[in-house]
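Descriptive analysis of the structure
Each chain, written out:
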Amino acid sequence: MTRDDVSAVVYDFDGTLVDLVVDWNAVAEEVADVLATGGVDASDADLWRMLDLADEADLRPTVEDVISAHECDGARQSTRLRHADLVADHDVPVGVCSLNAEAACRVGLEVHDLAGHVDAVVGRDSVATRKPDPEPLIATLRRLDADGDALFVGDSRRDELTAERAGVAFEWV
Ligand SMILES: [Mg+2]
């Protein structure tokens, strides 16, 4: 499948359009502290497991604020990647479907003058589930009014799996 015969193109964000400058170990430590303050032991959990723990403890908004602040900073300092140059060249609607916070995606798109070329942004906190669940990608396509085959471009096995589950063609960066 090429970019010319699809109804929409959706890009992953970090590692695909930009490289976010985020010290994820520092983020995880800060989130673990927030959870510990709320009585949740997250000492053995990775950041994604911490999100689940935060959901269970009704601490998700607080935890999201912490992670999102780091990601927005990281987006302001982010490096533009080669695929970012393709975003403005599509004749079909373009979306972003990311595991990062939606706000951070929007900051990064603004920083690299891409916001005007992207018609829908779905982040980790935009819908109820996260990649590799197919719903975020399906929601992105719905927001683009994509009618027919679409293409998802990403940099991880998780992205590829998301596309498979959504029944969408996938292309590695
Ligand atoms: Mg990525």
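Above this text sits the structure in question.
The notes below deal with the structure included here. (Residues numbered from 1 in each chain as written. Predicted model: local features only at pLDDT ≥ 70, side-chain atom pairs only at ≥ 80, totals over all residues. Heavy atoms only, no water.)

Below, the discussion takes up the coordination of the magnesium ion. Around the magnesium ion, the protein contributes the donor atoms Asp12 (OD), Asp14 (O) and Asp155 (OD), at 2.1 to 2.2 Å from the metal centre. Every donor residue of the magnesium ion comes from the same chain, spaced as D-x1-D-x140-D. One end of the pair, Asp12, is in the loop between strand S1 (8-11) and strand S2 (18-19); the other, Asp155, is in the loop between strand S6 (150-154) and helix H6 (157-166), and 143 residues separate them in sequence. With relative accessibility at 30%, the residue Asp155 sits in the partly exposed group. (Donors = N, O, S within 2.8 Å, 3.2 Å for Na, K, Ca; no water. Helix = DSSP H or I, 4+ residues; strand = E, 2+ residues; numbered from the N terminus. Buried < 20%, exposed > 50% of the residue type's maximum accessible area, 1.4 Å probe, protein only.)

As paired strands, S6 and strand S7 (residues 169-172) are joined by four bridges and run parallel to one another. Bridge pairing links Leu151 to Ala169 in S7. Taken together, S6, H6 and S7 form a β-α-β motif whose crossover is right-handed. (Pairing = 2+ DSSP bridges. Right-handed = clockwise from strand over helix to strand, strands pointing away.)

Scanning all chains against the criterion turns up two aromatic pairs. Relative to Trp172, the ring of Phe170 lies with its centre 5.4 Å away and its plane at 85°, an arrangement referred to as edge-to-face. The exposure class of Trp172 is partly exposed, given its relative accessible area of 42%. Here a set of aromatic residues connected by ring pairs shows up, and it is made of Phe152, Phe170 and Trp172. (Phe/Tyr/Trp six-rings, centres within 6.5 Å; stacked < 30°, edge-to-face > 60°.)

Further remarks concern the pattern of salt bridges. Counted by the stated rule, this structure contains 14 salt bridges. With a shortest N-O distance of 3.7 Å, Glu56 and Arg49 are connected by a salt bridge. For Glu56, a relative accessible area of 59% corresponds to the exposed category. Judged by its relative accessible area of 38%, Arg49 falls in the partly exposed class. The salt bridge involving Glu71 is made with Arg124; its shortest N-O contact spans 2.9 Å. Taken together, the residues Glu71 in helix H3 (residues 60-76) and Arg124 in the loop between strand S5 (120-122) and helix H5 (135-143) connect sequence positions 53 residues apart. Of the two residues, Glu71 and Arg124, both sit in the buried class. Residues joined by salt bridges that share partners form a network here, namely Asp55, Arg60, Glu64, Glu71 and Arg124. (Salt bridge = Lys/Arg side-chain N within 4 Å of Asp/Glu carboxyl O.)

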